[in-house]
Amino acid sequence: TGCCRCPTKEAVVSMPCGGDTGRGLFTGEDRSSSSASTDALTDYKFDPFRFDRPSLCALYGQMLQALGLQEHFAIPEATIAGFVGEASLTYRDVPYHSFAHAFSVTQFLFAFYSASEGVP
């Protein structure tokens, strides 16, 4: 179910979290073909259930980039995409405790952290 542990850039194209779009791995689009910006991810009313799993994986990557974590720890995009892709595949397709729910919790904390003043 996916090729998430492959280290080559060519293998990234077949990863569950998307592929090389020429704009980086973390440029997911929702089912209505409109993309979410980092600003949209700071909105407490963000609806992760509008997005498919590969798009949520890409949005997760956008949050890590916005927090500076990818750069600080020098984590390649393919490594993040592979990790998130594999993690997303461990969730069952159920109404509540799904990958969308896990993403929702992560996104809420991202929004809360982003809105906090005085937090480095």
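Reading guide: rules and limits
Residues numbered from 1 in each chain as written. Predicted model: local features only at pLDDT ≥ 70, side-chain atom pairs only at ≥ 80, totals over all residues. Heavy atoms only, no water. Helix = DSSP H or I, 4+ residues; strand = E, 2+ residues; numbered from the N terminus. Buried < 20%, exposed > 50% of the residue type's maximum accessible area, 1.4 Å probe, protein only. Contact = heavy atoms within 4.5 Å. Areas by Shrake-Rupley, 256 points an atom, 1.4 Å probe, with all protein chains shown as cover. Core = buried A, V, L, I, M, F, W, Y, C linked by side-chain atoms within 4.5 Å. pLDDT = per-residue confidence, 0-100. Phe/Tyr/Trp six-rings, centres within 6.5 Å; stacked < 30°, edge-to-face > 60°.

1. Concerning the overall build of the chain
Then comes step 1: Counting secondary structure elements, the chain contains six helices and zero strands.
Then comes step 2: When the helices and strands of the chain are read in sequence order from the N terminus, they spell out α-α-α-α-α-α.
Then comes step 3: Within the span of the chain, comprising 120 residues, buried residues form 35% of the whole.
Then comes step 4: Considering only contacts in the chain between residues 6 or more positions apart, those separated by 24 or more positions represent 61%.
Then comes step 5: Accessible area for the chain stands at about 7300 Å²; split by element, carbon and sulfur atoms hold 57% of it.

2. Some details on the nonpolar core
Then comes step 1: Residues Leu41, Phe46, Phe51, Leu56, Leu59 and Phe103 are the most contacted members of the largest nonpolar core, which totals 15 residues.
Then comes step 2: Those elements giving two or more residues to this core turn out to be helix 3 (53-66), helix 5 (77-89) and helix 6 (99-115).
Then comes step 3: Looking at this core, the element that brings in the most residues is helix 3, giving five residues.
Then comes step 4: Beyond its immediate sequence surroundings of up to four residues, Leu41 is in contact with Phe46, Leu59, Gln62, Met63, Phe103, Gln107, Phe110 and Ala111.

3. What to know about the environment of Leu69
Then comes step 1: Secondary-structure assignment places Leu69 in helix 4 (residues 69-72).
Then comes step 2: Note on Leu69: relative accessible area 32%, which makes it partly exposed.
Then comes step 3: Once residues within four sequence positions are removed from consideration, Leu69 is found in contact with Leu64 and Ile75.

4. Re the confidence of the model for the chain
Then comes step 1: Confidence along the chain averages 77 in pLDDT terms, with 68% of residues attaining 70 or more.
Then comes step 2: When the elements of the chain are averaged for pLDDT, helix 1 (residues 9-12) gives the smallest value, 37, and helix 6 the largest, 95.
Then comes step 3: Residue range residues 1-15 is modelled with pLDDT below 50. Its contacts to residues more than four positions away, or to other chains, number 25 contacts.

5. A word on the packing of aromatic side chains
Then comes step 1: One pass over the full model with this rule turns up five aromatic pairs.
Then comes step 2: Between the aromatic rings of Tyr44 and Phe108, the centroid separation amounts to 5.4 Å while the plane-to-plane angle is 50 degrees, which identifies the pairing as tilted. Within this pair, whereas Tyr44 is found in the loop between helix 2 (38-41) and helix 3, its partner Phe108 is found in helix 6, the two being separated by 64 residues in sequence.
Then comes step 3: The class of Tyr44 is partly exposed, set by a relative accessible area of 45%.

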